[in-house]
Amino acid sequence: MEPKLEAADIGVIGLGVMGKNLALNIVDNGFSVAAFDLDKAKVEAAEQQAATEVAGRETRLFGVESLSQILASVKAPRVFLLSVPAGRAVDSICDALIEAGAIAEDIVIDTGNSLWTDTVAREKHYQGKLTFFSSAVSGGEVGARFGPSLMPSGDKKAWQRIEPIWTAIAAKVDADTGLPLERHQPGEVIEQGEACTAYIGPAGSGHYVKMVHNGIEYADMQLICETFHFMQTGLGMSTVQIAEVFERWNKGVLNSYLIEISAEVLRQVDPQTDKPLVDIILDKAGQKGTGLWTAVSSLQLGCPASTIAEAVYARSMSTQKTLRQQLATSLTGPAIAAVSAEEQQATIDALEAALYCAKVTAYAQGFQMIAMQAKEQQWELDYAAIARIWRAGCIIRAGFLRTISDAFEADAGIENLLQAEGFASKLNELQGQWRQVVAQAVVKGIPVPCISSALAYFDSLRCEVLPANLLQGQRDFFGSHTFERTDAPKGEFYHITWSESPRKLVKMS
Ligand SMILES: NC(=O)C1=CN([C@@H]2O[C@H](COP(=O)(O)OP(=O)(O)OC[C@H]3O[C@@H](n4cnc5c(N)ncnc54)[C@H](OP(=O)(O)O)[C@@H]3O)[C@@H](O)[C@H]2O)C=CC1
Ligand SMILES: O=C(CO)[C@H](O)[C@H](O)COP(=O)(O)O
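Predicted, not measured: the structure shown is a model, and the values here were computed from it.

With that settled, the discussion passes to the site of ligand 1. G14, G16, M18, G112 and N113 are the nearest of the 24 residues found near ligand 1. Mapped onto the shell around ligand 1, the elements with two or more residues apiece are helix 1 (17-28), helix 4 (88-99) and strand 6 (131-138). Of the residues in the shell around ligand 1, the class split is eleven nonpolar, nine polar and four charged.

The biggest cluster of nonpolar side chains holds 140 residues, and the ones touching the most others in it are A23, V33, A35, V108 and A354. It is helix 15 (residues 341-377) that provides the largest number of residues to this core, a total of 16 residues. Inspection of this core shows a minimum of three residues originating in each of domain 1 (10-202) and domain 2 (206-462). When residues no more than four places from it in sequence are discounted, the contact partners of A23 are V12, L15, V33, A35, A46 and L61.

Moving on to the UniProt feature "binding site: substrate" (unreviewed entry) in the protein. When the UniProt feature table is mapped to this numbering, "binding site: substrate" (unreviewed entry) covers N113, S138, G139, G140, H213, N214, Y218, K288, R315, R475 and H481. Sequence-wise these annotated residues cover 369 residues; spatially they are dispersed, their C-alpha atoms as much as 48.8 Å apart. Inspection of the secondary structure puts G140 in helix 6 (residues 140-146). With respect to the helices and strands, N214 occurs in helix 8 (residues 205-234). Those residues in contact with N214 that sit more than four places away from it in its chain are T290, G291 and T294.

Under the local residue numbering, the UniProt record ascribes the feature "domain: 6-phosphogluconate dehydrogenase C-terminal" (unreviewed entry) to residues 206-499. Annotated as 66% helix and 1% strand, the span residues 206-499 places its first and last C-alpha atoms 52 Å apart.

Close contacts around ligand 2 come from N113, S138, G140, N214, E217, G286, Q287, K288, T290, G291 and I395, and that covers them all. Elements with a contribution of two residues or more to the shell around ligand 2: helix 8 and helix 12 (290-301). Split by residue class, the shell around ligand 2 holds one nonpolar, eight polar and two charged.

In this section: the packing of helix 15 against helix 18 (residues 421-444). Remark: helix 15 packs on helix 18, axes separated minimally by 7 Å, with the N-to-C direction vectors making an angle of 125°. As the angle between them shows, helix 15 and helix 18 are arranged oblique. The element helix 15 and its partner helix 18 pack so that their crossing is left-handed. Each of T347, D349, A350, L351, A353, A354, Y356, C357 and V360 in helix 15 lies in contact with helix 18, whose residues at this interface are F423, L427, L430, Q431, Q433, W434, Q436, V437 and Q440.

Our next topic: the environment of N250. By the secondary structure assignment, N250 is in the loop between helix 9 (239-249) and helix 10 (257-267). Residue N250 is classed as partly exposed on the basis of its 19 C-beta neighbours within 10 Å. Once the C-alpha coordinates of N250 and N21 are considered, the two residues, 229 residues apart in sequence, prove to be 27 Å apart. Excluding its chain neighbours within four sequence positions, the residues that come into contact with N250 are N255, I259, E260 and A263.

According to the domain assignment, the protein consists of domain 1 (10-202), domain 2 (206-462) and domain 3 (468-507). Its C-alpha centre places domain 2 at a distance of 40 Å from the equivalent point of domain 3.

Before going further, it helps to spend a moment on unusual backbone geometry. Residue A76 is joined to P77 through a cis peptide bond whose omega torsion reads -5°. Following S501, the chain continues to P502 via a peptide bond in cis, the omega torsion being 0°. In this structure, P502 sits in the loop between strand 11 (494-496) and strand 12 (505-507). Even without being glycine, Q378 reaches a positive phi, approximately 60°.

Conventions used here
Residues numbered from 1 in each chain as written. Chains lettered and ligands numbered in written order. Predicted model: local features only at pLDDT ≥ 70, side-chain atom pairs only at ≥ 80, totals over all residues. Near = placed C-beta within 6 Å. Helix = DSSP H or I, 4+ residues; strand = E, 2+ residues; numbered from the N terminus. Nonpolar A, V, L, I, M, F, W, Y, C, P; charged D, E, K, R; others polar. Core = buried A, V, L, I, M, F, W, Y, C linked by C-beta atoms within 7 Å. Buried ≥ 20, exposed ≤ 12 C-beta atoms within 10 Å, placed from the backbone. Domains from an automatic or database assignment. Contact = placed C-beta atoms within 7 Å. UniProt positions renumbered as here; feature names shortened; annotations may be inferred. Axes fitted to C-alpha atoms, helices over the stretch in contact; angles between N-to-C directions. Parallel < 35°, antiparallel > 145°, perpendicular 65-115°, else oblique. Left-handed = near helix turned anticlockwise from the far one by under 90°.

Below, the structure is given as structure tokens:
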């Protein structure tokens, strides 16, 4: 590999699933790329693909053998895109770049799923040595190749420098319809439409937004899985019949990438056994941490995100396979009776309504978390823009993100999406079917942790008075923790002298 010094518009470091495809996407859009990976074979594969996949195209991707070579191969002011596993690899590359001669003006963009607090720390740590910038990416392999959703944050000058590349490679949506303008072929470019990227805010904010995106992704996926499980075990439907239901749902309010791919997965036959692939896939879910980080952050913020947290627990529960296998024989549940065709259809309709309502709660929880964190960190975020850049390219892209961006455009100050008229009226209308699904699941003994916790979230938000009054009484009883009164100003605290007789009310200072 002969480095072409001072030639490339950008250097890409890490040519795995995401890095290679982002590099090829950048090339499609007319920019030149110097590419590096620890694994030489990956560099050669990327070079080969860039050189051959579009007939007659001038090659704009060339590989380099070291970080020193990549530094020598990118036009100043230099920009480097990192696509490596979150954690130590990010720091080891930054440190090695500095040792190899990187300077403060060089921009290093971390596109991995890094923990947002690490990003905040890195921006500070590398100040004066290089410009550490971050841009979370969503869209998986195909998104990276043909148009991801990009969530950049950090130094504004760095953003001005990279914006043209980001705008070019991001997914696009039609400005009038809000629908994705998709491309599927190497070499294809979409210049019109709105790009699914927008400067999010100061360092860490983009990774926080991406983390919550993934939390919503966990919830969305688990909710779909619960409807699948209900149809399979409660309604006795085959995987192909359920795929047909998902295909129908994808044409309605549930229109989304995750519904679309769920239907495809259900239609897939295992090449080895000719059985539905889903029946062969072991029911133990993996996770890399972003959903868990979202759940932890919600607890730290005191922002209820129970639908998201239940989705993380559902993955953990799935991994307890041996325990479940043992208990499946000793813990009994109700027998599930066969249902009539009419009952089956009514239940499928109710499941569609329940899935829609529960999905809205996951987005409401996610957006409220982002707003609460923004307040704590003093980030000024544009929530409508965040919803807009999720309309295409990312894993949670869905028709209804337009309703979310419309809601924030109408009132940027809403605290929770359930305050938006469009969502409130829809959930009010559909809640009967949502309740029916949860009730039937309980009667039949089918676990629906996310759908049911979402309903509890909805019902809690509807409750003007929650039993936290009794709870405060309990706390005061055993620990003199005090309570506020409904008939006194907020911030005044009272205590009952529980162990005295007669008990007295004491106003605390
Ligand atoms: N896959 C996905 O759908 C998405 C992934 N992400 C995030 O993007 C990042 C990359 O993910 P993905 O592409 O899937 O991961 P991969 O494991 O496929 O790719 C990572 C690449 O980085 C290389 N690498 C690791 N350390 C170094 C280093 N020190 N110097 C140079 N190269 C290095 C690896 O090489 P080697 O294999 O030889 O170690 C590998 O080729 C992760 O943070 C991930 O969380 C974000 C959105 C979606
Ligand atoms: O960021 C992503 C999509 O938006 C990745 O696909 C994510 O890594 C998937 O997470 P997990 O492995 O925990 O399911």
